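Examining the three-dimensional arrangement
Here is what each chain is made of, one letter per residue.
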Amino acid sequence: MDVLLLHGLLLLPLAALLLYRCSPPFQYLLKVAFFNCWIVAMATLLSPLVAFRGRSVENMKVLRAALLPLKRFYGIRMRVSGSERLRLPGPFVIVCNHQASLDLMGMVEVIPERCVPIAKRELLYLGTVGWACWLSGIIFIDRHRRDTAIEVIAHTASTMRRENLRVWVFPEGTRNLGRSMLPFKRGAFHLAVQAQVPIVPIVISPYWDFFSPKEKRFSSGTCTIRILPRVDTRGLSPKDVPELTESVRQAMAEALAEMSTSDHRDQDKEQPLWEPGAGGDRGSPQGQGDTPGSSN
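The rules behind these values
Residues numbered from 1 in each chain as written. Predicted model: local features only at pLDDT ≥ 70, side-chain atom pairs only at ≥ 80, totals over all residues. Heavy atoms only, no water. Salt bridge = Lys/Arg side-chain N within 4 Å of Asp/Glu carboxyl O. Helix = DSSP H or I, 4+ residues; strand = E, 2+ residues; numbered from the N terminus. Buried < 20%, exposed > 50% of the residue type's maximum accessible area, 1.4 Å probe, protein only. Pairing = 2+ DSSP bridges. Core = buried A, V, L, I, M, F, W, Y, C linked by side-chain atoms within 4.5 Å. Axes fitted to C-alpha atoms, helices over the stretch in contact; angles between N-to-C directions. Contact = heavy atoms within 4.5 Å.

Applying the stated criterion across every chain, the model contains 9 salt bridges. Residue arginine 249 pairs with glutamate 246 through a salt bridge whose shortest N-O separation is 3.9 Å. Residue arginine 249 and its partner glutamate 246 are both found in helix H9 (residues 241-269); the two are separated by 3 residues, about one turn of the helix. Judged by relative accessible area, which is 42%, glutamate 246 ranks as partly exposed. One salt-bridge network, in which partners are shared between bridges, spans Glu58, Lys61 and Arg114.

This next bit is on unusual backbone geometry. Unusually for a residue other than glycine, arginine 114 sits at a positive phi of about 55°. Examined against the element boundaries, arginine 114 turns out to sit in the loop between helix H5 (103-110) and strand S3 (115-120). Taking relative accessible area as the criterion, arginine 114 reaches 26% and is therefore assigned partly exposed.

Glancing now at the pairing of strand S5 (residues 166-169). Residues Arg166 and Trp168 point to one face of S5 and Val167 and Val169 to the other, with burial holding for every one of them. The pairing of strand S2 (residues 93-96) with S5 spans 3 bridges and is parallel. Bridge pairing in S5 places isoleucine 94 opposite tryptophan 168. The sheet contact formed by S3 and S5 spans 3 bridges and is parallel. If you follow proline 117 over to S5, its bridge partner there is tryptophan 168.

In this section: the nonpolar core. Ranked by internal contacts, the top residues of the largest apolar core, which has 80 residues, are Ile76, Val93, Trp168, Phe189 and Ile202. Counting residues per element, this core draws most heavily on H9, which supplies 7 residues.

Now for the sheet that holds strand S4 (residues 139-141). Overall, mixed pairing links the 7 strands, which are arranged S1-S9-S6-S2-S5-S3-S4 in an open sheet. The open sheet has two edge strands with one neighbour each: strand S1 (76-81) and S4. Averaged over all pairs of adjacent strands, the angle between strand axes in this sheet comes to 25°, irrespective of strand direction. Lying on the sheet, helix H7 (residues 146-163) is in contact with S2, S4 and S5; it crosses S4 at an angle near 160°. Helix H8 (residues 187-195) rests against S2, S3, S5 and strand S6 (199-204) of the sheet, and its axis sits at about 160° to S2.

The residue glutamine 194 is located in helix H8 in this model. On the basis of relative accessible area, glutamine 194 is assigned to the partly exposed category, the value being 42%. As for glutamine 194 and proline 238, which are separated by 44 residues in sequence, their C-alpha atoms are 7.8 Å apart. For glutamine 194, the residues in contact, after removing those within four places along its chain, are Ile153, Ala154 and Ala157.

Keep in mind these values describe shape, not function.
Structure representation (structure tokens):
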């Protein structure tokens, strides 16, 4: 009986490996589980190390360094276009489309120095992950209480100018793997107008070719990140926010549609997607992109 049990235990890794190779749904579940476990593990290990500094935007550098290796684990190549547009001297607001948790890999690829995301308040209560986010200076907003959200925006606007802070916002408000962008919420645009700082739109190409929760598919692939020209808000007032929101959304939607076509064409010609030891991280605004950014 003991021998049979031992043989069974020895066969488990082989069975798991065969399932991983032959079953896309099993591969998907394993990769998603590893993604989440990596985030929890890094938050648990690194939070005590940065806690001595207290809540600080400088801790985002540690969070970024912890998440950057994920693209290599999954064989996802990042192509960055227009990274020089993030090299602005002062504060600004970044607005980016939101597709899935994988957006974290795109965000850390290009996030500039002294930049923090705005996140839903529920994230704060996710144990060590919430603690790590709080220590990194991430701004939490209660989406269900409009008065509180307005106060947070007003406070953030004054902090941005005082501390030269950049803020990253997903204006769709929820994940969207559809072929078009959802209507934008106006919080990010009110923030930019109140602070009188530029808006920098960023578009991450669709993940359809290598990632699909509906089809339980998660393989290697190429992700393109395009930084669009900044939009100035000097002289604008709250009454200009609706038009500003729609014009930025339209520009981003057009870029997404164009990238959807070109990326799908490129995938058909793609060579091996990840070569161990290839290239340094050179394309991002902090000097750590996977491939050199090209100008638009």
